[in-house]
Amino acid sequence: MTTLTQLIAIVRAALGDDNELAPMFPDDQITTWINHALGEISQMFPDHSVMEWTTVAGQRRYEIEQFFFAMLSVEYPYAADADPPQYLKRRSYTHRKFWLEPGYYDIIQRSWTDETYVNELLISSTPLDDETIRAEITLPHNALADGGDVSTLPDVYNNLICLYCHWNAWKDTITYIGRHENPGLVDVSREVNATRAEKQFRNAMEEARKAQTESRSVQWQMDKWDQVY
């Protein structure tokens, strides 16, 4: 994992902006690009974490306070030494048998920006006191503010951050010239470079996705006498 200070240095090197006395882009601007890049990359390569709730006897609704993209699994009752783990199956809470049969869960997701309503995890089982519900989730990578903040994005994807910043360097330069100087100076070549930089970032994201997918697949060679079950 990489700190914000290290990421800024990596991005500057990629942009050729290595003049410490007169940099083209201030640290604050590059930090903004990096955080926007982390948000964009998180859509395809999210961080993974867990949420846990301590149960109350008879209570089958639990508030979800943390923002997340997807809930991959729900384990109840959770125990670190459980073998095998007891995972709940997803079923809509409006199903006529949801509340009648144990072993299911559902999520009520409302607006993350409206505090009037809360997001909830529902389980069909009736818990006892002090049991644990554990959910594995995907979520955005952490935003970086201080130089020592460590990114949760694996280092193998730092090149995507550089490509995103390269694209935004062109885009922000065009915007600055158009607003503060002569709009006529925003020539076609700058716009072409910005478009090309965006395409490079999108293509690199797709190539990284394909590489990740291929690394998780294994080709199984069957003997001609093997039966298919």
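Since we're looking at a predicted model, the values are computed, not measured.

> Even after reading the chapter, I still don't get the overall build of the protein, so can you show me in this structure?
Summing up its helical and strand segments, the protein has four helices and seven strands in all. Counting all 229 residues of the protein, 33% fall into the buried class. Partitioning the contacts of the protein with sequence separation of at least 6, the portion at a separation of at least 24 is 67%. Only carbon and sulfur atoms are counted for the fraction: they give 50% of the accessible area of the protein, which is about 14,500 Å².

> Where do I start with the sheet that holds strand β5 (residues 104-108) in this structure?
As a general point, the strands of a sheet are linked pairwise by backbone hydrogen bonds and lie either parallel or antiparallel. Pairing within the open sheet is mixed, and its four strands lie in the order β2-β6-β5-β4. The open sheet has two free edges, formed respectively by β2 (61-64) and β4 (89-90), since each of these has just one partner strand. Bridge count for β2 against strand β6 (residues 119-123) is four bridges, and the pairing is antiparallel. Paired with E63 across the strands is E120, a residue of β6.

> Teacher, can you tell me more about the nonpolar core here?
In summary, soluble globular proteins display a tendency toward joint burial of nonpolar side chains. Counting residues in hydrophobic clusters, the biggest one holds 28 residues, and the most contacted among them are V11, I34, I41, L160 and I161. Those elements giving two or more residues to this core turn out to be α1 (4-15), α2 (27-42), α3 (158-180) and α4 (188-215). Counting residues per element, this core draws most heavily on α3, at seven residues. Not counting chain neighbours up to four residues away, the residues in contact with V11 comprise I30, I34, I161, C162 and C165. Counting 17 residues, the second largest nonpolar core, distinct from the first, contains Y76, L88, L121 and I137.

> Is there a simple way to think about the environment of Y62 in this case?
Within the fold, Y62 resides in strand β2. Sequence spacing of Y62 and E120 is 58 residues, and the spatial spacing of their C-alpha atoms is 5.4 Å. Setting aside anything within four residues of it in sequence, one finds Y62 in contact with W53, T54, T55, V56, N119, E120, L121, I123, P127 and I133. In terms of polar contacts, Y62 uses its side chain to reach the backbone amide nitrogen of V56, at 3.1 Å.

> How should I be thinking about the sheet that holds strand β1 (residues 47-54) in this particular structure?
Strand order in the open sheet formed by three strands is β1-β7-β3, with antiparallel pairing between adjacent strands. Strand pairing shows two members of the sheet lacking a second neighbour, β1 and β3 (70-75), which therefore form its edges. Sheet twist, expressed as the mean angle between neighbouring strand axes with direction ignored, is 20 degrees. Sheet analysis places β3 next to strand β7 (residues 132-139), joined by five bridges and oriented antiparallel. Across the sheet, the residue bridging to M71 is I137, located in β7.

> Just to check I follow, could you spell out the environment of A79 for this structure?
Relative to the elements of secondary structure, A79 occurs in the loop between β3 and β4. The exposure class of A79 is partly exposed, given its relative accessible area of 28%. For the pair A79 and T132, spaced 53 residues apart in sequence, the C-alpha to C-alpha distance is 7.6 Å.

> Is there a simple way to think about α1 in this case?
Since the α-helix advances by 3.6 residues per turn, residues separated by three or four positions end up pointing in the same direction. Helix length check: α1, at 12 residues, gives a terminal C-alpha distance of 16 Å against a target of 16 Å (1.5 Å per residue), a fit within 8%. Directly beyond the C-terminal end of α1, a positive phi value near 75 degrees is found at G16.

> What exactly am I supposed to notice about the pattern of salt bridges here?
Side chains that differ in charge, positive against negative, can pair when their charged atoms come close. For the structure on display, the rule yields nine salt bridges. Here D106 makes a salt bridge to R90, at a shortest N to O gap of 2.8 Å. With D106 in strand β5 and R90 in strand β4, this residue pair connects regions lying 16 residues apart in the sequence. On the accessibility criterion, D106 (6% relative accessible area) is buried. Beyond isolated ion pairs, a larger network of salt bridges with shared partners links R12, D17 and D27.

Rules and cut-offs
Residues numbered from 1 in each chain as written. Predicted model: local features only at pLDDT ≥ 70, side-chain atom pairs only at ≥ 80, totals over all residues. Heavy atoms only, no water. Helix = DSSP H or I, 4+ residues; strand = E, 2+ residues; numbered from the N terminus. Buried < 20%, exposed > 50% of the residue type's maximum accessible area, 1.4 Å probe, protein only. Contact = heavy atoms within 4.5 Å. Areas by Shrake-Rupley, 256 points an atom, 1.4 Å probe, with all protein chains shown as cover. Pairing = 2+ DSSP bridges. Core = buried A, V, L, I, M, F, W, Y, C linked by side-chain atoms within 4.5 Å. Polar contact = N/O pair within 3.5 Å; in protein donor to acceptor, adjacent residues only side chain to side chain. Axes fitted to C-alpha atoms, helices over the stretch in contact; angles between N-to-C directions. Expected span 1.5 Å × (residues − 1). Salt bridge = Lys/Arg side-chain N within 4 Å of Asp/Glu carboxyl O.

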